[in-house]
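Listed here are the chains, written in short residue letters.
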Amino acid sequence: MIALCATALASCGGTRAAGRNPTTSESVPAYVTAPETRQQHLVAEGARLAVADGCAACHLSSSSPRLGPNFYGFAGHRVTLTNGAVVVVDEAFIRRALTHPGAYAISGYDPRAMPAALRRLGVELPAHPRDVAALAAFVEQVGPES
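Residues numbered from 1 in each chain as written. Predicted model: local features only at pLDDT ≥ 70, side-chain atom pairs only at ≥ 80, totals over all residues. Heavy atoms only, no water.

> I keep staring at the side chain of His 59 and nothing clicks. Help me out?
One can find His 59 in helix α3 (residues 55–59). Look at His 59 and you get buried, because its relative accessible area is 11%. At 2.8 Å, the side chain of His 59 forms a polar contact with the backbone oxygen of Pro 69. Apart from residues lying up to four places away in sequence, His 59 is in contact with Gly 68, Pro 69, Asn 70, Phe 71 and Met 114. (Helix = DSSP H or I, 4+ residues; strand = E, 2+ residues; numbered from the N terminus. Buried < 20%, exposed > 50% of the residue type's maximum accessible area, 1.4 Å probe, protein only. Polar contact = N/O pair within 3.5 Å; in protein donor to acceptor, adjacent residues only side chain to side chain. Contact = heavy atoms within 4.5 Å.)

> What am I meant to see in the packing of helix α2 (residues 38–52) against helix α6 (residues 129–141) here?
Two numbers describe a pair of packed helices, the interaxial angle and the distance between the axes. As a packed pair, α2 and α6 sit with axes 7 Å apart at the nearest point and diverge in direction by 95 degrees. As summarised for this structure, α2 and α6 are arranged roughly perpendicular, according to the angle between their axes. Listed contacts from α6 to Arg 38, Gln 39, His 41, Leu 42, Val 43, Glu 45, Gly 46, Ala 47, Leu 49 and Ala 50 of α2 are Arg 130, Asp 131, Ala 133, Ala 134, Leu 135, Ala 137, Phe 138 and Gln 141. Of the residues in the contact of α2 with α6, the class split is ten nonpolar, four polar and four charged. (Axes fitted to C-alpha atoms, helices over the stretch in contact; angles between N-to-C directions. Parallel < 35°, antiparallel > 145°, perpendicular 65-115°, else oblique. Nonpolar A, V, L, I, M, F, W, Y, C, P; charged D, E, K, R; others polar.)

> Would you mind showing me how to read helix α4 (residues 91–99) here?
Given 3.6 residues per turn, any residue in an α-helix points the same way as the ones three and four places further on. Along α4, the positions that sit buried rather than exposed are Phe 93, Ile 94, Ala 97 and Leu 98. Viewed end-on, α4 has its buried residues packed into an arc of 130 degrees, placing them on one side of the element. For α4, the secondary structure elements touched by its buried residues are β2 (86–88), α5 (113–121) and α6. (Arc of directions from axis to C-beta.)

Remember that the coordinates give geometry; whether it matters functionally is a separate question.
Right under this line is the structure:
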């Protein structure tokens, strides 16, 4: 998994090519082995989407200031939303935030950044449920150590 995350970071800032089938072997480096379980497949697909859709530029970057919360260590933590609600970053929250990014803005980050980035990158909402599941699985995978 560390190699997969390193691959995602090395490819930071890419965009999904229009009309390309994202599941072709050309989109996966030869040294990445095929996932064995459905969950591993979702995590691998989520890592690919994080790079292809440009999420890595803001959410896997070590640059400062951060435009969005870093996915590393994000899952499992409590965050305060701009409306004052405190939530735990779990799969349900990640899915809601991905499908309605403006409604689940986290305090300390510009609430307009995520919707604007999605529009600029051409990522359509509502996102396909499989893409949402894959991204949620990836974010949880790179969460805190157990």
